[in-house]
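Below, each chain spelled out in residue letters.
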Amino acid sequence: MVAVANGTNTGAKKRVPVLDGIRGICALGVVFTHVAFATFIRSSTVGPKHHDIWSILAAGQLSLGPFFLMSGMLLYRPFVRRTFAGTRRPALGKFFLRRASRIIPAFWLVVTVDLLVLNLTALHGPWDVLRPYLLLHIYNFHYYAGMDVLWTVPVEMQFYLALPVLAWITHVLARRVDDPVRKSRRMLIPLGVMVLIDLGWNAWVHWHYQMWPSQYFYPFGVAGLFAIGMALAIWSVRAEVAPERAPGFWRVATRRPNLFWLGAIVAYAVNSAQPFGVPGTADWQTWPAALVRDAMMMAFSFLIMVPLVVPNASSRFMQITLGNLPMRYLGRISYGIYLWHFTMMYFVFRSGSAFGKIVPVQMLLGKYGFWELLIPVLLGTVAIASISFYVLERPVINLVERWVKWNKEQTASSSAAVRAAQPATPSLVPAPAEAPAVESIEPKPASL
C-alpha cells in the first residue's frame, strides 16, 4: 500500500521532482508486490511455497515506509520552524482542511465504487456502509473486497489529528532552550518514544496473535516511521538556522549521497532474507521476525530519504532515476494508484458481488500468472488514478487553496481597517524584533 496522502503541493508551492519520483517508484513497488502476493507468493495454508530469488525479493518489499516518513517530515516542518525561528504556528483550521481535501474525496469515491460493485451482497446493515466512510474500518474488522490494503488511510488521518499535539509537546520541551543542538535533542525525545512504541507494538501483536488481527493495522505499528520523518524535519530546520552545527550525517549526505542508498539496499536485503522467518512467503511472522522487519522498514525509509531532503545531496544517479517525467507523473498520481490498484485486481479476477461471488485475492492464486495479471492491473490503475487526480483530487485541492488565500486576504484587510480606525498613540514599549527569515520548506535537490 502506498500511504495515502502523498503531500501534493498546489498553487504557489513548488514541487520537488525527486520527491515526486520516489513516490512514483514506491507506488510501483506496492503494485508489483501485491500482484506477486496474488499470483505466486503463498502462505503455508494456501499451497506450496516458492523459495526463488524473485519471490524472496518481492515478499521483502519495503515500499510503504517512505510515504509515512514524508508525511511526518513535510507536515511537521512548519511547526518546527515555529520552535526554532519564532514564526507563527500554522493555523490548525486551514491545516486540517487542506489535509482532508487531499485525502477524503478520492477515498470516498473508491469506497463508494467498492461498496456498490464489489461488496453489495456482503453488507448486512448501515454500520457496514458507514464504517469505511468514517475511517473506522480498521478497528472493527470487516472484510471489504477492493479495500484490502486501505488501512493506511485512517492511519494517516489519525496522524494528522495527532500532529498538532505532538508539535505542542516538542515545542514545550524546547522553547526555553536557545542552543539549536540542545533544542533539537529535546524535541527528539518524544519521537524516540514513538519509535519504541512502534517496535513494541509490532512485537506484541505478533507474539499475542496468530493471524492478521485488526490490531495489526492500528497506527501504533507505523508510529516510528512518522517519528523518523519528524526527526528529519527537526534536523533540516536546525541545519537552516545553524548551518555550521548541522548533524554529522547531514554533511556526509552532501559528500556521499549514494552511500545512503547503498545502506538502504542492505536493509532491503536483510528484510528479504527474513531472519527468524521463511523467506519468500506470506506466513504470519513470529515476533522476532516482525521486530527485524519493522527495524529494517525504518532503516530503509530513512536511508532512502536522507539524500533527497539534504540540500545539494542528491546525486546524478538519483536525479536520473527519480527526476524523469514518467516517475514524476506516477508520483503525482501515487495516491490514486494506491487507492485503486486492489480494486482493479478484483475487476481483473472478476471477483465481487457484481460478478456473482466475493473471493479474497489470496484464494485466487494460480488463476493468473504474474505478468498476465500485472499488465492489466497496472495499466487500468494508472488510467483511473489519472482520471481521479485531474477530475476530482486536483480541482478540490485547488478550490480549497483558493478559499484559504481569499480568507487570508480578507483577514488581512479587516486587520488593516481596524488599525486605521484606531487613533495613533505613542508607545513607551519598543516593538518586538521580527523573527529571522527561514528558507523555503522545499528541499533543494542538486541540478543535473
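For the structure itself, look to the data block above.
Values in this document were obtained by computation on a predicted structure and should not be read as measured data. Numbers given for residues are sequential positions, taken from 1 along each chain in its written order. Only residues with pLDDT of 70 or above have their local features reported here, since the model is predicted, and side-chain atom pairs are shown and tallied only from 80 upward, although totals for entire chains, interfaces and linings are computed over all residues. For side-chain calculations, the full set of non-hydrogen atoms in the structure is used, while hydrogens and water are omitted.

This part is about unusual backbone geometry. In this structure, Phe 276 is a non-glycine residue whose phi angle is positive, near 70°. Within the element layout of this structure, Phe 276 appears in the loop between helix H10 (257-273) and helix H11 (287-309). Each residue gets one of three labels from its accessible area relative to the maximum for its type: buried under 20%, exposed over 50%, partly exposed in between, using a 1.4 Å probe on protein chains only. Residue Phe 276 is classed as exposed on the basis of its relative accessible area, which comes to 59%. For Arg 350, which is not a glycine, the phi torsion comes out positive at approximately 55°. For the purposes of this entry, the term helix denotes a DSSP run of H or I that reaches at least four residues, the term strand denotes a run of E that reaches at least two, and both are numbered from the N terminus. For Arg 350, the position within the fold is in the loop between helix H14 (334-349) and helix H15 (370-421).

When a carboxyl oxygen of Asp or Glu lies within 4 Å of a side-chain nitrogen of Lys or Arg, that pair is called a salt bridge. A complete count under the given rule lists 6 salt bridges for this structure. The salt bridge partner of Arg 77 is Glu 240, with a shortest N-O separation of 2.9 Å. Placement of the pair is Arg 77 in helix H3 (residues 65-85) and Glu 240 in helix H8 (residues 223-241), with a sequence separation of 163 residues. Note that Glu 401 is salt-bridged to Arg 98, the shortest N-O span being 2.9 Å. Taken as a pair, Glu 401 in helix H15 and Arg 98 in helix H4 (residues 92-118) lie far apart in primary sequence, 303 residues in all.

Within 6.5 Å between ring centres, the rings of Phe, Tyr and Trp (the latter by its six-membered ring) count as paired, and their orientation is classed by plane angle as stacked under 30 degrees, edge-to-face over 60, tilted in between. One pass over the full model with this rule turns up 28 aromatic pairs. Taking 6.4 Å as the distance between ring centres and 40° as the angle between the ring planes, the aromatic pair formed by Phe 68 and Trp 151 counts as tilted. With Phe 68 in helix H3 and Trp 151 in the loop between helix H5 (126-133) and helix H6 (152-174), this residue pair connects regions lying 83 residues apart in the sequence. Here Phe 68 matches Trp 151 in class, with each residue buried. With a centroid separation of 5.9 Å and 55° between ring planes, the pair formed by Tyr 268 and Phe 300 is classed as tilted. Remark: Phe 300 occurs in helix H11 and Tyr 268 occurs in helix H10; sequence separation between them is 32 residues. Tyr 268 gets classed as partly exposed once you look at its relative accessible area, which sits at 22%.

This part is about the nonpolar core. Residues belong to a common nonpolar core when they are buried Ala, Val, Leu, Ile, Met, Phe, Trp, Tyr or Cys residues joined through side-chain atoms within 4.5 Å. In terms of nonpolar packing, the biggest core is built from 119 residues, with Tyr 76, Leu 232, Met 305, Leu 308 and Leu 339 touching the most fellow members. Per-element tally for this core: the top contributor is H8, with 13 residues. Apart from residues lying up to four places away in sequence, Leu 232 is in contact with Leu 69, Met 73, Phe 249, Trp 250, Phe 302, Met 305 and Val 306. Whether two residues touch is decided by their heavy atoms; if any such pair falls within 4.5 Å, the residues are in contact.

The next point concerns the side chain of Ser 334. Position of Ser 334 relative to the elements: it lies in helix H14. Among the residues examined, Ser 334 registers a relative accessible area of 0% and is labelled buried. In protein, a polar contact requires one atom able to donate a hydrogen and another able to accept it; more generally it is a pair of N or O atoms within 3.5 Å, and residues adjacent in sequence count only if both atoms are side-chain atoms. A polar contact of 2.9 Å, which involves the side chain of Ser 334, links it to the backbone oxygen of Gly 331.

Without other data, these values stay purely geometric and don't point to any function.
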